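Summary of structural features
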Amino acid sequence: MMRAKTLLAVALSATLLAVAAPAMAEEVPPEQLALARKYIDLTDRAAIYEVTMVQTGIETMRLIVQQNPELMDKTDAAVGKVLEEYKDRKGELLDQFARVYAVRFTIEELQQIVAFYESPTGTKLAQANTEVNADLQRVLQVFTNNVKREFFAKVRAELRTQGVEL
């Protein structure tokens, strides 16, 4: 089971790299890249790098401790040490994010985007996005749950009109 998960993760990573490769290979002027990075910095309110690293640490600890509960303290210390090694690598990820935006938006568009996110309204939007996205996820979950039941009932009713009973 663990091997299947690992193979799936490798396959997904390869697919993501293949999709992102054209964007990463494209030449981007430094000022365009700098504007894209400024946008990333202005909107990274969710601290995506830190959250990702903590989640990775938790998953790693869970995997090790599930099979070796006696290693809880040692694994905790090791995870903490390794997390410390990654502390200063946030820029690498954010630079890659910036490159994705720099490839898709012109310098003029990035200037407008940055100007908006530097405005009071843009700042408020960036600060609220994490909570708004969480609220939107909850709304979508309720909607999806309701639609699934309703949809199933309608399909069942349609099948009944065709003489099929479930």
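Use the structure listed above.
This report concerns the structure included in the present document. (Residues numbered from 1 in each chain as written. Predicted model: local features only at pLDDT ≥ 70, side-chain atom pairs only at ≥ 80, totals over all residues. Heavy atoms only, no water.)

1. Notes on the overall build of the chain
So the rule is basically this: A helix here means a DSSP run of H or I that spans at least four residues, while a strand means a run of E at least two residues long, and both kinds are numbered starting from the N terminus. For every residue, the accessible area (1.4 Å probe, protein chains only) is compared with the maximum for its type, and the residue is labelled buried under 20%, exposed over 50%, or partly exposed between those bounds. Whether two residues are in contact is decided by their heavy atoms: any pair within 4.5 Å suffices. Accessible surface is estimated by sampling points in the Shrake-Rupley manner with a 1.4 Å probe; for residues, cover comes only from the protein chains shown.
On a plain count of helices and strands, the chain comes out with seven helices and zero strands. Sequence-ordered secondary structure for the chain, helices as α and strands as β, is α-α-α-α-α-α-α. Counting across all 166 residues of the chain, residues that qualify as buried make up 14%. Restricting to contacts in the chain with at least 6 residues of sequence separation, those with at least 24 account for 76%. Total accessible area on the chain is roughly 12600 Å²; 61% of this is exposed by carbon and sulfur atoms.

2. A closer look at the environment of Arg104
Among the structural elements, Arg104 can be located in helix α5 (residues 90-104). Separated by 68 residues in the primary sequence, Arg104 and Ala36 place their C-alpha atoms 9.8 Å from one another.

3. Section: the pattern of salt bridges
Basically, it comes down to this: We define a salt bridge as a contact between a side-chain nitrogen of Lys or Arg and a carboxyl oxygen of Asp or Glu at a distance within 4 Å.
With the rule as written, the count across this model stands at 10 salt bridges. Across the pair Glu92 and Arg89 runs a salt bridge, and its minimum N-O distance is 3.1 Å. Here Glu150 and Lys154 are joined by a salt bridge, their closest N and O atoms 3.9 Å apart. Separated by four residues within a single helix, Glu150 and Lys154 lie in helix α7 (residues 120-161), roughly one turn from each other.

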